[in-house]
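Letter by letter, the chains look like this.
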Amino acid sequence: MYGEYIKKVAALGGGKAMIITFGCQQNEADSDKLRGMLASMGYIPTECREEADIIVLNTCAVREHAELRVFGILGALKALKRKNPSLVIAVCGCMVQQAHIADDISRKYDQVDIIFGTHSREKFPQMLYEVLSGRKVEKDLSENEKDLGEDIPVVRKNKFSALVTIMYGCNNFCTYCIVPYVRGRERSRKSDNIISEITALVADGCKEIMLLGQNVNSYGKDIEGECNFATLLRRVNAIPGDFLIRFMSSHPKDITNEVIDAMAECEKVERHLHLPVQCGSDRLLKIMNRRYTCDAYEKIIAYAREKMPDLSVTSDIIIGFPGETDEDFEQTVDLLKRVKFDSVYTFIYSRRKGTPAYSMDNQVPQAIKGERMDTLMQVQNEISKEKNKALEGTVQRVLVEGVSKNDDTVMCAHTSGAKTVNFKCDKSLIGQFVKVKITEAKTFSLTGKII
Ligand code: SAH
Ligand code: SF4
Ligand code: F3S
């Protein structure tokens, strides 16, 4: 049925399509599928709103800020649609999987033609066909946990680096987080499908594979007889070819020594572990439903560093979770000082409707959250700088990704530990491995010289 609508839309002549993606890499990977479907329907990509015949917003709901940005763009698109009434506007992804938001959008934003949730990607061609045929379509938020979209074509933005989703959904229900509500339960892809996809990518010249899941450490648990994440890593590593393997995210309660051993033994797996701790207070970790203690967390890190002395460790921290006291916060600062992460993503707690923490009555005032954020960043910035300094003079083999944001004679790449490094080199080396000597360490990046 889905293939039939691809053909029907393609027969209408195609056009230009723009996809705007918010949120995490899982959403980016979903956008690769939207790009694939649009390409099969005869649409060529554009980065210019005025030029587009269809604009798809693939949205995120993890924090309020992400949602406000979507509402902002929807407002701006109203004027564009007035100028170009044949423009089709579609909104999909995590934000609209929440029924109250989808209702709001269909009520207040009549410039939006199509709304579909995270489980209904394969309905997109049919919905688009209906709209192009002049009919109004209903939103589709149905929850289909069976179809993993294996048949949907994927078109990636670049040839040498690929996001590969290994599992969808999340079972963890951390009390602050909306993801399990908008992404459904954990569904792993079959390892054979993952291996064939990566084998084909590598044969096609891909040099970097990022394995994705909200909690990759529970990969395979939902399929009887399927391998676990450690074995999957080893199997991906065994695919012939010169390429790198990264993965995210890991949950501290599920990561095992077996996974760390596999990381250490697989030469293609990069020396980076992103292991979100969220906070340094055992009391709050319990209320967050994280199901580990700081002590258990630090033991994992110690084991990983023992196995891989050059490992880079990064984390996520939430500031201002309901009921966070000065003492809880101090414990988070102390944890940062003890663990010495290479870098940390700090997020101010954002109330998400439908989650348990939303209705906790001890919300932390905004001003206090702001102060704590500043303190935490100051502490972490010093640690990051010190960690980066240790790399000065070392030689790193990196994949040249593209031109840096500020200067198009400067290229950027990431070290094995996922640190940004900028260096001068010819654009023709984009997509190739080079060796770079680190000449200067800054807080958020490194500068290097190609050797
Ligand atoms: N599944 C991943 C994280 C996905 S969301 C994991 O568990 O590691 C990415 C990060 O967003 C989380 O680690 C958390 O730090 C942050 N986050 C999630 N919900 C949030 C909220 N309501 N407010 C602020 N930050 C949040
Ligand atoms: Fe959210 Fe927790 Fe699942 Fe991560 S593990 S997506 S933080 S519920
Ligand atoms: Fe956002 Fe959905 Fe990812 S809520 S962080 S886009 S899973």
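Predicted model only: the values in this text are computed from it and were never measured. (Residues numbered from 1 in each chain as written. Chains lettered and ligands numbered in written order. Predicted model: local features only at pLDDT ≥ 70, side-chain atom pairs only at ≥ 80, totals over all residues. Heavy atoms only, no water.)

**Digging into the site of ligand 3**
Okay, so step 1: Neighbouring ligand 3 are the residues Cys24, Asn27, Cys60, Ala61, Val62, Cys94, Arg183 and Gln214.
Okay, so step 2: Its residues placed into classes, the shell around ligand 3 shows five nonpolar, two polar and one charged. (Near = heavy atom within 4 Å. Nonpolar A, V, L, I, M, F, W, Y, C, P; charged D, E, K, R; others polar.)

**As for the environment of Val333**
Okay, so step 1: In this fold, Val333 is placed in helix H12 (residues 326-339).
Okay, so step 2: Sequence-distant contacts of Val333, defined by excluding residues within four places in its chain, comprise Leu376 and Val379. (Helix = DSSP H or I, 4+ residues; strand = E, 2+ residues; numbered from the N terminus. Contact = heavy atoms within 4.5 Å.)

**Section: the sheet that holds strand E4 (residues 88-93)**
Okay, so step 1: The strand order across the open sheet formed by five strands is E2-E1-E3-E4-E5, and the pairing between neighbours is parallel. One side of each edge strand has no neighbouring strand; the edge strands of this open sheet are strand E2 (43-45) and strand E5 (114-116). Strand-to-strand twist across the sheet, computed as the mean angle between neighbouring axes with direction ignored, equals 25°.
Okay, so step 2: In the sheet, strand E1 (residues 15-21) pairs with E2 via three bridges, with the strands oriented parallel. Bridge assignment links Lys16 to a residue of E2, and that residue is Ile44.
Okay, so step 3: Here helix H5 (residues 124-132) sits on the sheet and contacts E2, strand E3 (54-59), E4 and E5; the angle it forms with E5, its principal contact strand, is near 165°. (Pairing = 2+ DSSP bridges. Axes fitted to C-alpha atoms, helices over the stretch in contact; angles between N-to-C directions.)

**Remarks on the packing of aromatic side chains**
Between two aromatic rings, the relevant description is the distance of the centres plus the angle of the planes.
Okay, so step 1: Counting across every chain of the model gives nine aromatic pairs.
Okay, so step 2: Pairing Phe229 with Phe247 gives two aromatic rings, centres 5.2 Å apart and planes at 70°, and the pair type is edge-to-face. Taken together, the residues Phe229 in helix H8 (residues 229-237) and Phe247 in strand E10 (residues 244-248) connect sequence positions 18 residues apart.
Okay, so step 3: Taking relative accessible area as the criterion, Phe229 reaches 1% and is therefore assigned buried.
Okay, so step 4: Note on Tyr292 and Tyr297: the rings are 6.2 Å apart at their centroids and 35° apart in plane angle, and the pair reads as tilted. Residue Tyr292 shares its accessibility class with Tyr297, and that shared class is buried.
Okay, so step 5: Put simply, the rings of Tyr176, Phe321 and Tyr349 touch in pairs and so form one group of aromatic residues.
Okay, so step 6: In this arrangement the basic side chain of Arg63 is found over the ring face of Phe347, its NZ or CZ atom lying 3.8 Å from the centre.
Okay, so step 7: In this arrangement the basic side chain of Arg351 is found over the ring face of Tyr358, its NZ or CZ atom lying 4.5 Å from the centre. (Phe/Tyr/Trp six-rings, centres within 6.5 Å; stacked < 30°, edge-to-face > 60°. Buried < 20%, exposed > 50% of the residue type's maximum accessible area, 1.4 Å probe, protein only. Lys NZ or Arg CZ within 6 Å of the ring centre and 35° of its normal.)

**Notes on the pairing of strand E6 (residues 161-165)**
Okay, so step 1: With four of five residues buried, E6 is to be regarded as a mostly interior element.
Okay, so step 2: Taken together, the five bridges between E6 and strand E9 (residues 208-212) define a ladder with parallel strand orientation. By the bridge assignment for E9, Thr165 is matched with Leu212.

**What to know about the nonpolar core**
Okay, so step 1: Formed by 70 residues in total, the largest nonpolar core has its most connected members in Ile198, Leu211 and Phe229.
Okay, so step 2: Two domains share this core, each providing at least three of its residues, namely domain 2 (158-270) and domain 3 (299-390).
Okay, so step 3: The contact partners of Phe229, leaving out residues within four places of it in the chain, are Ile166, Leu211, Val216, Asn217, Tyr219, Phe247 and Val259.
Okay, so step 4: If you look at the next biggest cluster of nonpolar residues, it comprises 29 residues, including Ala52, Phe71, Leu80 and Val182. (Core = buried A, V, L, I, M, F, W, Y, C linked by side-chain atoms within 4.5 Å. Domains from an automatic or database assignment.)

**Looking at the pairing of E9**
Okay, so step 1: Burial of E9 is extensive: five of the five residues sit out of reach of the surface.
Okay, so step 2: Neither face of E9 is open: one carries Glu208, Met210 and Leu212, the other Ile209 and Leu211, and all of them are buried.
Okay, so step 3: With five bridges joining them, E9 and E10 adopt parallel strand pairing. Bridging from a neighbouring strand, Leu211 pairs with Phe247 of E10.
Okay, so step 4: Regarding the hand of the β-α-β motif, the stretch spanning E9, H8 and E10 is right-handed. (Right-handed = clockwise from strand over helix to strand, strands pointing away.)

**Thoughts on the domain arrangement of the protein**
Okay, so step 1: Domains assigned within the protein are domain 1 (2-140), domain 2 (158-270), domain 3 (299-390) and domain 4 (395-450).
Okay, so step 2: Once you take the C-alpha centre of each, domain 1 and domain 4 turn out to be 35 Å apart.

**Observations concerning the site of ligand 1**
Okay, so step 1: Close contacts around ligand 1 come from 15 residues, with Gln214, Pro276, Gln278, Asp316 and Ser350 the closest.
Okay, so step 2: Residue Arg63 places a side-chain N or O atom 3.0 Å away from an oxygen atom belonging to ligand 1.
Okay, so step 3: Ser350 places a polar main-chain atom, nitrogen or oxygen, 2.8 Å from a nitrogen atom of ligand 1.
Okay, so step 4: A total of 550 Å² of accessible area belongs to ligand 1 in isolation, and the protein chains cover 90% of it.
Okay, so step 5: Those elements giving two or more residues to the shell around ligand 1 turn out to be strand E12 (312-319) and strand E13 (343-348).
Okay, so step 6: Counted by class, the shell around ligand 1 contains seven nonpolar, four polar and four charged residues. (Polar contact = N/O pair within 3.5 Å; in protein donor to acceptor, adjacent residues only side chain to side chain. Areas by Shrake-Rupley, 256 points an atom, 1.4 Å probe, with all protein chains shown as cover.)

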